[in-house]
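# Fold and contact review
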Amino acid sequence: MALNKIQGIHVMTPGPTAIHESVREAMSFAYTNPDLDENFVEFYAETAELVNELLHNDGETYLLCGEGILGLEAACATFIEAGDSVLTIANGIFGKGFDDFSKMYGAKTQIFESDDRLGIDPFALEAFIEAKGPFKVATLVHCETPSGLSNPVEQIGKILRKHGILSIVDSVSAVGAETMNMEAFELDVVLSGSQKVMSAPVGISTVSVSQRALLAMQARKTPVVGFYSNLNIWKGYKENKWFPYTQPIHLIAALRVALERLVKEDAVHKHETMAQHVRETFTNCGFELYAKNCYANSVTAVRLPSALDFAKLQGKLKEDHQMLIGGGFGPLENKIFRIGHMGEGCSLDKMNHLMRALDQSFESLNVPTSNSLLFTFLKLTGQA
Ligand SMILES: *Cc1c(COP(=O)(O)O)cnc(C)c1O
């Protein structure tokens, strides 16, 4: 397959997202040697500090070389010791997946499982903790990207802290699009990644650790199994101006430019408004959303009209419009389609294009809609 065959596609998927020209440009320069040049240590630390700013974190952020999943694994490896009692909070695919990671590092887990179309109910969660606890660590997902749901992490964080439970939050597709305040929400470890709202190239996991969690890392009784996912190997990197391994300087430079773009604007408000307009567009045109409450700001999951095969819709979008959206996976395969409106995808121009492409695709697939998606979206957003 030639290089040009994987270019020129407009991605409106819930990650990886489109990358702005200025961010791509940052990848194209010749850089210093990241192992030997002290200026790079400072550049790295400042970039990590931008993530702290975005998350209101009083501790450290580590930028790990690997896509989002590495952060999830590193958090489990570093904060879980064999035999620890871990609470898995799950109302979706990523939430449940955390349980496997925790067990891999020897945890004894109990799952608080709830409906994947509803946000986690903090009261039911607290009752579960009181009945089944104590727990040392809890894992949870902020935005369940596969179903378009965003959990109430503020209330959950406070409940976990009240019960002395260290929280590990997968906020990979939420950071930048949903309000996050680690200090105020009393969250300990928050994970994100470069390829979602940040709209930087795939390849960096961000792991943000509160002051409280930094102490917990140092208080482990047994050594961490593994090297790459052991966050303790970063200890003193700033003071000693030394990295545990060669840093991906091009990826970090691109992330820096992307973060500077993101912190400049009121990104949460922009995503919230876009998400609301996208949801209203679909419901006004006769579609049903998958989530029933706690809608995500970064992604919308819509039920596929019955008798429509997702592959056919995707095929039309790709062939006729050079566009890609997301489908459903696991139990949601062929049940939903998903629109990413995160980061660079959170743009009226791009959404106008997508709505037009969807109108034409539904028409040529003989799927009736009660209104034109494009016209409805233009009206709702004041463009018509
Ligand atoms: C994208 C994402 C990740 C990272 O996983 P990928 O393999 O990059 O998709 C982790 N958690 C959530 C909730 C995500 O949306």
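Up top is the structure.
Residues numbered from 1 in each chain as written. Predicted model: local features only at pLDDT ≥ 70, side-chain atom pairs only at ≥ 80, totals over all residues. Heavy atoms only, no water.

## Details of the sheet that holds strand β2 (residues 60–65)
On the basis of which strands lie adjacent, the open sheet formed by 7 strands has the order β2-β10-β9-β8-β5-β3-β4 and mixed pairing. The sheet is open, and its two edges are formed by β2 and β4 (108–113), each paired on a single side. Strand-to-strand twist in this sheet, taken as the mean axis angle between neighbours without regard to direction, amounts to 20°. Across 6 bridges, the pairing between β2 and strand β10 (residues 204–209) is antiparallel. In the strand pairing of β10, tyrosine 62 is matched with valine 207. Relative to the sheet, helix α5 (residues 122–132) contacts β3 (85–90) and β4, its axis offset from that of β4 by approximately 150°. This element, helix α6 (residues 153–162), spans β3, β5 (137–141) and β8 (166–170) of the sheet and lies at about 175° to β5. (Pairing = 2+ DSSP bridges. Helix = DSSP H or I, 4+ residues; strand = E, 2+ residues; numbered from the N terminus. Axes fitted to C-alpha atoms, helices over the stretch in contact; angles between N-to-C directions. Contact = heavy atoms within 4.5 Å.)

## With respect to the pairing of β8
Across the 5 residues that make up β8, a large majority, 5, are buried. Residue alternation in β8 divides its side chains into two sets, Leu166, Ile168 and Asp170 and Ser167 and Val169, and both sets are buried. Here β5 runs beside β8; their pairing, made up of 5 bridges, is parallel. By the bridge assignment, threonine 139 is partnered in β8 with isoleucine 168. Two elements, β8 and strand β9 (residues 189–193), share 3 bridges in a ladder whose sense is parallel. For aspartate 170, the partnering residue across the bridge sits in β9 and is leucine 191. (Buried < 20%, exposed > 50% of the residue type's maximum accessible area, 1.4 Å probe, protein only.)

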